[in-house]
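# Architecture at a glance
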Amino acid sequence: MVWDKVITEFEQKNDWKGAIQFLEKEDKKELDVYSRIIFILLDFLVDGQYTQEEHDFIAQKIKQIFSDASLKFLNNTEFLFFSGIMIYIAEWYFGMNSLKEATTMLEKAAQREPENILYKWGYYSRIDQRTEVNTEMKRQLSEQLLKDSSTIDWLKSKGLLGEYVLGTLKGTYEAFKAL
């Protein structure tokens with residue numbers, strides 16, 4: 001997995017140009033490659049330190065990379081989960097006008113692997129983020145996941161994207177623990 005180290009370097013350096021070039025040169029594109037590079041681009045745009053030209057170029061690339069990945073991985077539950085999470089950050093960068101498709105993706109991931117607590121948490125934590133909705137379920141799922149070292153290790157293996165999900169998971173738990 002040489003690509004893992006290369007992408008980690010792009011993440012650490014916030015090197016969106018290198019990430020795009022790597023993806024365009026890579027012959028065998030794995031799910032993690034697509035997901036992590038989309039997140040590098042999305043994170044860069046959300047950070048807000050770019051020119052209008054960079055913004056427009058990266059926004060177009062996110063749509064293109066997501067479209068390519070969708071053709072290959074639309075039936076993959078991991079793709080559905082991570083894509084749904086990312087789309088909830090800024091659906092317009094994925095060419096969407098609403099969160100309906102992201103909700104459907106998270107729902108499908110949770111339904112296809114009902115034993116996967118992370119996918120269930122993803123669905124319930126995103127579809128309605130108000131603290132008064134599904135409060136106890138969100139708290140319990142978050143607590144279970146944070147006690148599961150294999151899930152935490154798996155998320156950490158997903159680079160910046162996994163760290164984002166882990167941070168969101170911790171935030172969910174802290175918010176609901178206080179209630």
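These lines cover the structure that appears in this document, whether it is placed above or below. Along each chain, numbering runs from 1 in the same order as the chain's sequence is written. The predicted origin of the model limits local features to residues at a pLDDT of at least 70 and limits the giving and counting of side-chain atom pairs to 80 or more, whereas totals for whole chains, interfaces and linings rest on all residues. Processing note: side-chain calculations cover all non-hydrogen atoms of the structure and skip hydrogens and water entirely.

On to the overall build of the chain, then. Assigned secondary structure in the chain consists of 10 helices and 0 strands. Elements are defined by DSSP. Helices are runs of H or I of four residues or more, strands are runs of E of two residues or more, and each kind is numbered from the N terminus. Taken from the N to the C terminus, the helices and strands of the chain come in the order α-α-α-α-α-α-α-α-α-α. Using C-alpha atoms as the atom set, the radius of gyration is obtained and then compared with a globule rule of 2.2 Å times the number of residues to the power 0.38. The C-alpha atoms of the chain give 16 Å as radius of gyration, which agrees with the globular expectation for 179 residues (16 Å, within 12%). Viewed in the frame of its principal axes, the chain has a C-alpha envelope of about 45 × 35 × 30 Å. Looking at the chain as a whole, 48% of its 179 residues qualify as buried. When checking whether two residues touch, look at their non-hydrogen atoms; a contact exists if any pair is within 4.5 Å. For the chain, contacts bridging at least 24 residues in sequence account for 63% of all contacts bridging at least 6. For the chain, the exposed area adds up to about 9400 Å²; of that, 48% sits on carbon and sulfur atoms. We score Asp and Glu as negative and Lys and Arg as positive, and we do not count His or the chain ends. A charged residue contributes its charge at one atom only: NZ of Lys, CZ of Arg, CG of Asp or CD of Glu. Looking at charge distribution, the chain has the averaged site of its 23 positive side-chain charges lying 2 Å from that of its 29 negative ones. Burial status follows relative accessibility: with a 1.4 Å probe on protein chains alone, a residue under 20% of its type maximum counts as buried, one over 50% as exposed, and anything between as partly exposed. Note on areas: Shrake-Rupley with a 1.4 Å probe; residue coverage comes only from the protein chains shown.

Next up on the list: the environment of glycine 122. When you line up the elements, glycine 122 lands in helix H7 (residues 117-127). For glycine 122, a relative accessible area of 0% corresponds to the buried category. Here the alpha-carbon distance between glycine 122 and isoleucine 38, two residues 84 residues apart in the chain, equals 18 Å. In this structure, glycine 122 is in contact with Phe81, Ile85 and Leu106, ignoring residues within four places of it in sequence.

Next up on the list: helix H6 (residues 100-112). Each helix should span, by expectation, one fewer than its residue count multiplied by 1.5 Å. When the terminal C-alpha atoms of H6 are compared, their 18 Å separation across 13 residues agrees well with the 18 Å that a helix rising 1.5 Å per residue should span. Those residues of H6 lying buried are Ala102, Met105, Leu106, Ala109 and Ala110. Viewed along the axis of H6, the buried residues span an arc of 130 degrees, placing them on a single side of the element. What points out from H6, more than 90 degrees from its buried face, is the exposed set Lys100 and Gln111. For H6, the secondary structure elements touched by its buried residues are helix H4 (52-73), helix H5 (77-89) and H7. Along the arc lie the directions from the helix axis toward the C-beta atoms.

With that settled, the discussion passes to the nonpolar core. If you look at the biggest cluster of nonpolar residues, it comprises 55 residues, and the most contacted ones within it are Ile37, Ile62, Phe81 and Phe94. Broken down by element, this core gets its largest block of residues, 11 residues, from helix H3 (residues 31-47). Nonpolar cores were defined as sets of buried Ala, Val, Leu, Ile, Met, Phe, Trp, Tyr and Cys residues, with membership established by side-chain atoms within 4.5 Å.

The subject of this paragraph is the pattern of salt bridges. Here the idea is simple: oppositely charged side chains can pair when their charged atoms come close. Here a salt bridge means any side-chain nitrogen of Lys or Arg lying within 4 Å of a carboxyl oxygen belonging to Asp or Glu. In this structure the tally under the stated criterion is 9 salt bridges. Across the salt bridge formed by aspartate 32 and lysine 158, the nearest N and O atoms sit 2.9 Å from each other. In this pair, aspartate 32 sits in helix H3 while lysine 158 sits in the loop between helix H9 (149-156) and helix H10 (159-177), placing the two residues 126 residues apart along the sequence. For the pair aspartate 32 and lysine 158, one class covers both residues: buried. A single network of salt bridges, built from pairs that share partners, joins Glu136, Arg139, Glu143 and Lys147.

In this structure, asparagine 14 takes a positive phi of about 55 degrees despite not being glycine. Relative to the helices and strands, asparagine 14 resides in the loop between helix H1 (2-13) and helix H2 (16-25). Residue asparagine 14 is classed as partly exposed on the basis of its relative accessible area, which comes to 30%.

Angles here are taken between N-to-C directions and fall from 0 to 180 degrees, while the axes themselves are lines fitted to C-alpha atoms, restricted in helices to the stretch in contact. Viewed as axis vectors pointing N to C, H7 and helix H8 (residues 135-146) meet at an angle of 145 degrees, and their least axial separation amounts to 10 Å. Like other packed secondary-structure pairs, H7 and H8 cross with a definite hand, here left-handed. For the pair H7 and H8, contact is made by Ile117, Leu118, Lys120, Trp121, Tyr124 and Ser125 and by Met137, Lys138, Leu141, Ser142, Gln144 and Leu145, respectively. Only Asp, Glu, Lys and Arg are considered charged in this grouping, and only Ala, Val, Leu, Ile, Met, Phe, Trp, Tyr, Cys and Pro are considered nonpolar; every other residue, Gly among them, is considered polar. Here the contact of H7 with H8 is composed, by residue class, of 7 nonpolar, 3 polar and 2 charged. Handedness of a helix crossing follows the sense of rotation of the near helix relative to the far helix, less than a right angle counterclockwise being left-handed and clockwise being right-handed.

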